[in-house]
Each structure stands twice: as C-alpha cells, then as structure tokens.
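Report on the structure
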Protein chains: 4
Amino acid sequence: MSHSPVSLVALLHGPDQPGLVAKTAGWIFARGGNILHADQHRDLEESIFFQRIEWEPSAAASPVAEMDAFREFAGVLGMNATVASTGHRARVALFVSKADHCFHDLVLRWKAREFPCEIVAILSNHTELAEAARGYGLDFHHIPVTADTKAAAEARQLELLRALRVELVVLARYMQVLSADFLAASGIPVINIHHSFLPAFAGGKPYHQAHRRGVKLIGATAHYATRDLDEGPIIQQDVARVTHRHSVDDLVRRGSDLEKMVLAQAVRWHLAHRVLVYGNKTVVFD
Amino acid sequence: MSHSPVSLVALLHGPDQPGLVAKTAGWIFARGGNILHADQHRDLEESIFFQRIEWEPSAAASPVAEMDAFREFAGVLGMNATVASTGHRARVALFVSKADHCFHDLVLRWKAREFPCEIVAILSNHTELAEAARGYGLDFHHIPVTADTKAAAEARQLELLRALRVELVVLARYMQVLSADFLAASGIPVINIHHSFLPAFAGGKPYHQAHRRGVKLIGATAHYATRDLDEGPIIQQDVARVTHRHSVDDLVRRGSDLEKMVLAQAVRWHLAHRVLVYGNKTVVFD
Amino acid sequence: MSHSPVSLVALLHGPDQPGLVAKTAGWIFARGGNILHADQHRDLEESIFFQRIEWEPSAAASPVAEMDAFREFAGVLGMNATVASTGHRARVALFVSKADHCFHDLVLRWKAREFPCEIVAILSNHTELAEAARGYGLDFHHIPVTADTKAAAEARQLELLRALRVELVVLARYMQVLSADFLAASGIPVINIHHSFLPAFAGGKPYHQAHRRGVKLIGATAHYATRDLDEGPIIQQDVARVTHRHSVDDLVRRGSDLEKMVLAQAVRWHLAHRVLVYGNKTVVFD
Amino acid sequence: MSHSPVSLVALLHGPDQPGLVAKTAGWIFARGGNILHADQHRDLEESIFFQRIEWEPSAAASPVAEMDAFREFAGVLGMNATVASTGHRARVALFVSKADHCFHDLVLRWKAREFPCEIVAILSNHTELAEAARGYGLDFHHIPVTADTKAAAEARQLELLRALRVELVVLARYMQVLSADFLAASGIPVINIHHSFLPAFAGGKPYHQAHRRGVKLIGATAHYATRDLDEGPIIQQDVARVTHRHSVDDLVRRGSDLEKMVLAQAVRWHLAHRVLVYGNKTVVFD
C-alpha cells in the first residue's frame, strides 16, 4: 500500500536466534534505507524464523547492489533469502484449456492494474480461447496435449517459457497435469487453482464428488503445483454455502466464482512477494 | 416462526409424480387444516420428491388421529412419511467426555428456550462434567468405557436410553466411537460433531492434521452417526479462517467456537423437523 | 434448476387466508399442470401471504392463455400476481459511467449463459466503455448528462428504452441519480448497486466514509431504485473484512469485487422471478 | 502464541520518521531482550507510525524497570507508548442487565482460560443474573438505575471500580448509557457491544430497525464507549445473513450469537494488548 516508486522486498527464513529483528532492521537503517513494512513470524514448534521486510533504499544506492548486499548479509545470518524490487514487473504466462472464467478474470484484473506484472503469453491445449486472448491483445499459443504427445508438448511449453523469460506460470483451469519433470525443468513457480477445499475431493471431478457426499459448503484452493498432484503448498482457500437444491451444474457455477476470487488473491499475494514457502506450507504475509 | 399452540409437521419423500403438491395441500385443506409452511424439493437426477409441510389441524380434530391419517394418506401416495407434533418436546440425552464447550453451549441454549426439547440425561465416560451437569440440575450418569468394557458399557447406555425414553442422542464431543450394534439397537437418531470440514481430516486429531497440511480454513461438521465413522449424512458445516500464525492450540480454540455453532444449528434444525435423511445425504428445509 | 423447455412462474401476494396453498396448487393440478416449485411465506405481523409457484402447463394448453387465466384466478383470491414464462428472455439495458468492473462482469456472465436475458443496449454518460461494449458486439449509446441537460438526457434515455422495449434497467455503477420522474415514466424495474452496506454510508463516497469511521467490514447493496435515493427495497447485500492497513484505494478495490458479486446475484434472482417487492422490502425466494 | 512466562508488550504511535523500526528493535536488543513479535503500520495519509512490539527482557533485568526505561525511550522518539507485562492479569468488571448470553459466554471463556484476566465483579442494574453470578463464584453488585438516581448510581459504580482496582469494564449487554462524566472519571477503557453493524442502526432497538428496513445481513459491533453514544472506536464487527422469513425475534436470537463472538474477540484482543486507539479509530494488531 506504499505508493513509492521503488522499494525492495526480502523474504527470509532460517533457524531462529535472538536479535534477528534488530539485526535486519539495523542493517537497513545503517545503509540509509527506510523500512516500510516488517512482518515476522516464529514457528515455535520447529524454531524457524520468517520475515518479510520491505524498504526504500537510500537514494544514493543502486537497488541491484543493495539486493546483492542484503542476500549476502542474510547468508551470514544463516537465513535463506529472496529479494525483489517492486520496480520489476514479473513476466507471467497463463495456461488455459476451455473454461474461460479464470482467464477473463485474471486478464481484466491485470488490465485494471491490480497485478504488477506482464502477461506475456497464453498457452492452451485447446483453441477455444484463442480469439478472446487476441481480443485482449495477448499472444496465444496452441500446444495440443495427448497421452502420446505429452512429453513433446511439455518440451515446447518449456522452450516457450524460456524464450519469453517467464517468471511465473498460472494454471487458470488448465486441465492437464504437469509432469514432475516439467516442474523441475522450468525452475519457476506454478500456481494452480483446484476446484475443491483441499484436501477434500482431491483428484478429478470434485464438484461431482462434493454433490455425492452431500456437503454443505464447496470450496476452491490455490496452491503451488508440485510433483504430488493436489498436495502442493496451499496459498489461499475459500468456501461458499450450498444446499440440497443445488445440482452439480449449480455447484460448478457457484464454484467458478470462488475459483476466480481465490486464484486472483493467490496471484496478487505472490506478485507482491507476500508468500514464503517452506516444506509443504506457506507463510502469507498479508 | 409460527407462534401457534400446536401444529403438525410432516416430512415426506418418495418417487416423484405429478400432482403431489396439490394432493397433500388438498388433503389438509379438505380436513379443515391450515397450512403454515410447505417446502418442496425435487431431485431431478433421481426423480425423488421431498416435502416438509406444517399445518394447524382443525380445532375439532384430534392431533393424534390426524397424524395417523396423514401417514396412511402418504402411504397411499407411495411416500415415506414421518409426522410430528410441535406440542411434543423430544427427550434428549447428551453424551460428553471431558471437553465442556459444546456441553455448556447446548445446555445454556436449552435454558434460554432455543431448543423445544427436554434434556433428560448427561452420559459420560468421564467424571469431569458431573458437577457442572448437576449445577444445571441435570442428571449425570458416569459410564466408563475401556476396550474391554465397551460392550457392557454400551449395554448400560442402551438400557438407560430406553428407561428414559430418549428420542435423540447428541454427542457433544463424546470421544468414544459408538458401535454399529449400538446404533442399530438404539433405533434413534444420533447427532455427532466432528471437528473438521468433512470429508477432509476424517479420523483422529483433525486439528493436528489441518495444521500439518497448512490449510487456510478450519471447519466443523455436524452429521448423523452411522456405522461408517465420519461418513454419516451431513447436517451442517462451517469454517473459519486461520493463518500460519495459529498453532495447533489456536486451531483447537477457534475450532471450539465453530463446533458450538454448527452443533447447535444441527440440533435446532433436527428438533424443528427440518432435516430429512435419504441415502447418505440430508435435505435441510431451513 | 428445472431443465424443462418452458414453465410459468407466478409471484403472488395479498391478505392471508386459510387454504391458499391448496387453492393455487389445486387450480394448477386441475388444469393438467405440473408444479415444479412452490415456496410460501407468511408475514405473521402484517398477515400477508406471499408465494412463488412454478409449473409446467399442460402440453395441450397455450402458455399465454394459462398466464391470463392464472392472473384472473389470483384476482378472485384477492391476490396481486405477476406471471412470467421462462421461455421469455427479458430485454435488459445496462447504464454505465467510467468504472468497468460491473460492466465486464455482467456481460461475461451473460455470455456464459448465467442470465436468461438479452442485453439490448449499453447507455452511458461517458465514452470510456464504448469500445469495450462494441468489442462484445453490444450497442453503445452515449447520452451525456449535465445539471442543465439532465431532463433532456432522461427524455432521450426513456425514448431509447421504449424503442428497444427494455424490461429491466441495471445501473452498473452508473454515477448519475435517476429522477423520480424518469423512474415513474419508465414503468420498469431498475436495479442499482450501492457501494456500501446500506443503510450505513448512504450518499456519495461511501468508501471514504467507511475509512473515516474505521469500520472493520465494508459492504455492497443491490436494491431497486426508487425516488428516495439509497432507500429502495434491498435485494442482496454482502460484506468483506478490512483492517487499518487498507487505504481508501484498497477499500475501492476490495469493494469492487463485492459490487460485482452482489449485483450479479440480484440480477440473477430478478431474472428468475425470485424477487417479490412489497412496501419497501423484498421477499427473495432463493 | 508465545508460551514464555513473562514478556513485555509496547503499543506505540506518533509522527512517522525514518529508522523507527530499527531504533526500537535496536534498543531492545542492546539491553539483552529478545523480540517475539513486532508489527508496524504506517498511516500514509496522516504520516503516523504505529507499532506493537513484544519481547522477553533479559533474565537479569527487572521487568518494571524495563517498562519504565522503554517508556522513557519512546518519549525521546516522540512516541506515545503504553507498556504492559503479560505476567499481569488485568482486573475486569462486567456490567450486565437482564440478558445473559454475553455474560455466560464471557465467564465460561474466562473459566476455560481464554482470557488472561481476573473477573473481579459483576455489576447490574437488575437482579436477574445474581444467582448465576454467584453460581460461578463471582461477586454480584446490584446497583439500580433510574433517571432520578443515575448520578448517585454512577457514583457508587465508580467507587466500586476504584475499590476493586478495576482496569477494564465490559458492558455485556448493559442497557444503560454511561454518562460522559462517568467515562471521564473512571479513567479506564470501557468496551461495549452494540447489536447492529454500526453506523447502521445506531440507537435503540436496532433489530427492529433492521427488520423494518429489510436488510439481508444483521451485525454486531464491539467498540470502546465514548461520550458520543455508538460513535466510539470500533474494535470488531461481524454480520450474519437473514431473510424475509426471520421475524424480529429470530433476528434477536441470531444476533445474540454474533454479539457473543464479537464481544469475546474484542475483549481477547484488548487483553492481549493488540488494540491501539487513535482518534476515533483502532489499529488492531491481530
């Protein structure tokens, strides 16, 4: 919520030890930086310290040099650290299939300047959204996927991500499972939206499962994709009330509103460097 | 929301057929009854008709005779029907263990006249709540349960339920699993509160499971107990938002508020004859 | 949730009297109709009966004749009644200004077939959304409004609504107040979205008001427009949690999501003939 | 969420200036303290800095001396500061009238160790809750209030608060307005629960007002009492969905659940030194 031109954001975590808050704040202050936000969390059970700290570097300093210096400093403290500049707009690719609700929602939010990023490509295993993508002025890449061609298709996807220097993939109801090899090779975060309240109703056709079980709430879950399908670190979840009057079609429609809101929130937090992953969980500094 | 002295409530379901709404309403009207509420639902996939209908019988009629006559009429339509009088206060037994939050909540709501029932006994496998029960003027029965004595303990519980003519059992965080034999022999509905958003985190220690998985919402589920643990028809569910800052202890505390609200709502609906069970699901006419 | 080709929906209200449920159901049944849904409500304080009843007329009957016959029948019962056919798609005009979030949301839902209507025109006092409207293939009419030209502008709007046979106006963040004369002359329902939890923060700049007061929740309210600004019958409301960390700009962004959801729900209910207005309140048969 | 025996909590606010985070953290670290939590907020519009910082002082230090030293240090920074020790259990008085739901809820939570305080007295202008209070082992003081005796009654209340060294008053549905003189003379915070979503439906009979207006959500608001009735700084608010089917009595019942939850949350936050008041708003460090 700062409107400053450029600030730096560090996400740290590592073994807890006394004085960490004072040390990071002191380091920034000593170099002429002004701390805008600093949030800490301690996992008392596992003795891990987590911090998100955002600061304006001294006008005299080079942001890139400050980022490097902070990483080095964090290493001395024994912390894992990522540092980003709010002046950098991440390059994002959306993967879609036929469903268009998350696609339109993300693109319209981006056009309304909710997301500080560049959407550099739409990738799809189908052609249904080609025209809509081009209507938004976005490049659309059709890469069909079948059981036989999956490896080759993923190779093309990877090539494209690299050529476009993509830094974040968002699966906006992309109905193919990305292989563990793809995820490892891409080396970038992938955010997925699952249309249930995980871990309930993992796997396929979750609204059908929910209807069969007679639950009174349906949900949606945004998570980082990992090699274990539907098991990655959860970023955001929400639910909506349903009744016996709702058919599976009704659940699908109501669920699509949840999916839009939950995925958009996860993307917004990720792009604001508010999500820190450790193990199979996230710390969200909201 | 009627304030009439006595009305009758029928819950019907059976194969759908044209004219059912007109037939039930016509039957009541022809006998001088006044319909207060009538809610229908059609399961279009399975072609089942569900109805809750509440009416004031003619002042000249005997309520008991009207109830019998309606059951017979429903049978002719091919419908399953239960009929209850709002003048009857169900006899309820609470099963508790050591945790007292649902116990206090239910009893205080009952004393505040939220529940049209009589709480006729508190049964517990522990003694921690004996004094509190007696402070409320309620009979407390201590029936310890161990692996070895479970069958005998259930026999004593059954005997007590029969002697007290109990019509509903509420498991207010009772930490023993009731056997399939007990449920079959008792022949009365048993409402349980599970401290998770079922089907997520079925089984033991759900808050520990939720914490380990890193979910962003925790839940509670009230359901009818069946021989398949945590698989019975769901009556009500709700969730609350949690973050990485919440320890397992925090989840337990926040969850206890959910458990109270969800269980109380389920009991309130059951006692108002608003819950119709079919297969493994419920239709809640709220 | 019926998938029948055509059904009829009646909304009734009038003085309560015994036998109304039986009479309406009996009338439909006697003419060979099949009741799909029937919901009743009694306002016990004011002794008013409300009903929404949906049925498939006999295949042999003319729907138009059935609608006329039902209206006549309802009149005999002393009831106000509107009757609609689900085969008719209402003609809708959207009024917009510069903000585009509700506009995109409604149009995309319409294109996704959530709304059984025809959007026949976009009217705006500005030109910002002209291109987007045309991109969707929608007619855009620019009718500027100033204090001096307001009466003339409203005359042009009315003329257009009549020429296009518009049956519902939706104010999708249209930032002009419609005059009492306009509302009376148009003779059709007008749904507005107010960006606060009415009656809190009526009037202008509600997010600024909310921020100043330090509320912990912000809201949005969809209501029928009446001559008393922000005082019309409320159809739907919802809220979202905010904190001291949220600036007015943040409230605006979070509020825009609420506005979309609340307005879409109100329009969906209206088009499904689920909203019955009486006095300054609504009965929503959801 | 720390389980340490004693920590200190400071709430600071004052004119923003560079280096404040580093200075407070550095001061604590230099004296051998270990920071457990530190949350900051900047009001960018008014250039005010807010902080809640919690730390374990050095084992060698006297907590009282550390608290004094911190206050002095904060003064040098130009900050307003309060400092509390988590080892101190605040002395709390509950004011009640006839309604008992908030009373039972607060006392049961306190007995379940949710609130780190001592409830030292129940004050009431009625006698209905005398027996319940004594059943909990709490002192009950009956101080009747009429228009004529109000000044004298408030004098007695003040005297009692002083004699019992009360540090927080909670109005648990106390149905008398405390005078501005009383609030000024008591010199301690007073938390009130208002049974509406303020600022909607301020004043008396808010559920009747809500019913008349036909709102779709009802609310409850916990706030600090100030001389301007219903205008004090809001601590917490929540809402519940209602429909046309709910009578005023139903709103009262549903509202009482909201009131319990909202008031309990406000008291919990206050006792954990998480609420900082400035002007007519609060910053809640949750």
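Below is a short write-up of the structure. Each chain carries its own residue numbering, running from 1 in the written order of its sequence. Working convention: letters from A go to chains and numbers from 1 go to ligands, in the order in which they are written. Totals for whole chains, interfaces and linings use all residues, but because this is a predicted model, local features are given only for residues with pLDDT of at least 70 and pairs of side-chain atoms are given and counted only at 80 or more. Water and hydrogen atoms were dropped before computing side-chain values, which therefore reflect all heavy atoms in the structure.

Regarding the overall build of chain A
- Helix and strand assignments come from DSSP, with helices taken as H or I runs of at least 4 residues and strands as E runs of at least 2, each series counted from the N terminus. Looking only at helices and strands, chain A has eight helices and 13 strands in total.
- We compute the radius of gyration from the C-alpha atoms alone; for a globule the expected value is 2.2 Å times N to the 0.38, where N is the number of residues. By the compact-globule yardstick of 19 Å for 286 residues, chain A fits well, its C-alpha radius of gyration being 20 Å.
- Taking the principal axes of the C-alpha coordinates as reference, chain A spans close to 60 × 40 × 35 Å.
- Throughout this description, buried means an accessible area under 20% of the type-specific maximum (1.4 Å probe, protein chains only), exposed means over 50%, and partly exposed covers the range between. Looking at chain A as a whole, 59% of its 286 residues are labelled buried.
- Here, two residues are considered to be in contact whenever any of their heavy atoms come within 4.5 Å of each other. For chain A, the share of sequence-separated contacts (at least 6 apart) that also reach a separation of at least 24 residues comes to 66%.
- When the accessible area of chain A is evaluated, it comes to approximately 11400 Å², of which 53% is carbon and sulfur surface.
- Asp and Glu count as negative and Lys and Arg as positive, but His and the ends of the chain are not part of the count. For this purpose, a charge sits on NZ of Lys, CZ of Arg, CG of Asp or CD of Glu. The centroid of the 30 positive side-chain charges in chain A is displaced by 4 Å from the centroid of its 31 negative side-chain charges. Surface accessibility in these figures is a Shrake-Rupley result with a 1.4 Å probe; residues are shielded only by whichever protein chains are displayed.

Thoughts on the relation of the copies chain A and chain B
- We place the copies in one frame by least squares, fitting the C-alpha atoms of every residue whose pLDDT is at least 70 in both. Rotating chain A by 180° and moving it 0.0 Å along the rotation axis overlays it on chain B with an RMSD of 0.0 Å. What the rotation and shift describe, once combined, is the action of a two-fold rotation axis. Nearest to the rotation axis, the C-alpha of A200(A) is located 2.3 Å from it, this being the minimum over chain A.
- Of the residues that chain A buries at the interface, 100% are likewise interface residues in chain B, meaning the two copies contact each other through the same surface.

Structural notes on the interface of chain B and chain D
- Counting from both sides, the interface comprises 17 residues of chain B and, opposite them, 17 residues of chain D.
- Summed over both sides, the interface between chain B and chain D buries roughly 1500 Å², with carbon and sulfur atoms accounting for 53% of that surface.
- Salt-bridge detection follows one rule: a side-chain nitrogen of Lys or Arg within 4 Å of a carboxyl oxygen of Asp or Glu. The partner of D257(D) in a salt bridge is R109(B), and the shortest N-O contact between them spans 2.9 Å.
- Polar contacts, as counted here, are pairs of nitrogen or oxygen atoms within 3.5 Å of one another; within protein the pair requires one atom able to donate a hydrogen and one able to accept it, and residues that are adjacent in sequence qualify only if both atoms are side-chain atoms. Linking chain B with chain D are two residue pairs in polar contact (both at pLDDT 80 or more).
- Among the secondary structure elements, those contributing two or more residues to the side of chain B that touches chain D are α3 (101-111) and α8 (248-271) of chain B.
- The dominant element in the side of chain B that touches chain D, judged by the number of residues it contributes, is α8(B), at seven residues.
- When its residues are assigned to classes, the side of chain B that touches chain D shows three nonpolar, three polar and 11 charged. Defined here as a combined quantity, buried area equals the accessible surface (1.4 Å probe) lost by two parts on assembly, summed across both. Side-chain classes are defined by residue name, with Ala, Val, Leu, Ile, Met, Phe, Trp, Tyr, Cys and Pro counting as nonpolar, Asp, Glu, Lys and Arg as charged, and the others, Gly among them, as polar.

Let's talk about the sheet that holds strand β4 (residues 80-85) of chain D
Residues and elements named next belong to chain D.
- A strand pair is defined by DSSP finding two or more bridges across the two strands. Spatially, β2-β3-β1-β4 is the arrangement adopted by the four strands of the open sheet, whose pairing is antiparallel. Strands at the two margins of the open sheet, each flanked by one partner only, are β2 (34-43) and β4. Taking each pair of neighbouring strands and ignoring which way they run, the sheet shows an average axis angle of 10°.
- Direction of pairing for strand β1 (residues 8-15) relative to β4: antiparallel, over a ladder of six bridges. Paired with A10 across the strands is V83, a residue of β4. Convention adopted: a line fitted to C-alpha atoms gives each axis, helices being fitted over their contacting stretch, and angles between N-to-C directions are expressed from 0 to 180 degrees.

Thoughts on the pairing of strand β10 (residues 217-224) of chain D
Residues and elements named next belong to chain D.
- Where burial is concerned, most of β10 is hidden: eight out of the eight residues are buried.
- Of the two faces of β10, the one lined by L217, G219, T221 and H223 and the one lined by I218, A220, A222 and Y224 are each fully buried.
- Inspection of the sheet shows β10 paired to strand β11 (residues 234-241) by seven bridges, in the antiparallel sense. Within β11, the position partnered with H223 by the bridge is I234.

Section: the state of the cysteines
Residue and element names in this part refer to chain A.
- For this text, the term disulfide refers to a pair of cysteine sulfurs within 2.5 Å. Enumeration according to the criterion identifies zero disulfides over all chains in this entry.
- Of all cysteine sulfurs, the one in C102 lies closest to C117, which takes part in no disulfide; the gap is 15 Å.
- Among the residues examined, C117 registers a relative accessible area of 2% and is labelled buried.

Comments concerning the packing of aromatic side chains
- The criterion for an aromatic pair is that two Phe, Tyr or Trp rings (for Trp, the six-membered ring) have centres within 6.5 Å, with stacked assigned to planes under 30 degrees apart, edge-to-face to planes over 60 apart and tilted to the rest. If you walk through the whole model with that rule in mind, you get 34 aromatic pairs over all chains.
- Relative to F73(C), the ring of F70(C) lies with its centre 5.7 Å away and its plane at 65°, an arrangement referred to as edge-to-face. Taken together, the positions of F70(C) and F73(C), both in helix α2 (residues 63-76) and three residues apart, correspond to about one turn of that helix.
- Look at F70(C) and you get buried, because its relative accessible area is 0%.
- By relative accessible area, which is 15% here, F73(C) ends up buried.
- Site record: aromatic cluster; members linked through ring pairs are W27(A), W55(A), F70(A) and F73(A).

Structural notes on the sheet that holds strand β6 (residues 117-124) of chain A
Residue and element names in this part refer to chain A.
- Taken in spatial order, the seven strands of this open sheet run β7-β6-β5-β8-β9-β10-β11, and their pairing is mixed. Across the chains shown, the open sheet's two edge strands, defined by having one partner strand only, are β7 (140-142) and β11 (234-241). Taken pair by pair, the neighbouring strands of this sheet meet at an average axis angle of 20°, ignoring direction.
- In this sheet, β6 lies alongside strand β5 (residues 90-96) in parallel orientation, the contact comprising seven bridges. Note on β6: the bridge partner recorded for L94 is I122.

Digging into the interface of chain A and chain B
- Across the boundary between the two partners, chain A contributes 33 residues, which contact 33 residues of chain B.
- Across the chain A/chain B interface, buried area totals approximately 2900 Å², and carbon plus sulfur atoms make up 54% of it.
- On the chain A side of the interface with chain B, the three residues burying the most area are R213(A), K216(A) and H244(A), jointly 25% of the side's total.
- There are two salt bridges connecting chain A and chain B.
- Put simply, R241(A) and D238(B) hold a salt bridge, and the shortest N to O gap is 3.3 Å.
- Seen at the junction of chain A and chain B, the total is 22 residue pairs in polar contact (both at pLDDT 80 or more).
- For the side of chain A that touches chain B, the secondary-structure elements that each account for two or more residues are α7 (206-213), β11 and β13 (281-284) of chain A.
- If you tally residues by element for the side of chain A that touches chain B, the top one is β11(A), at seven residues.

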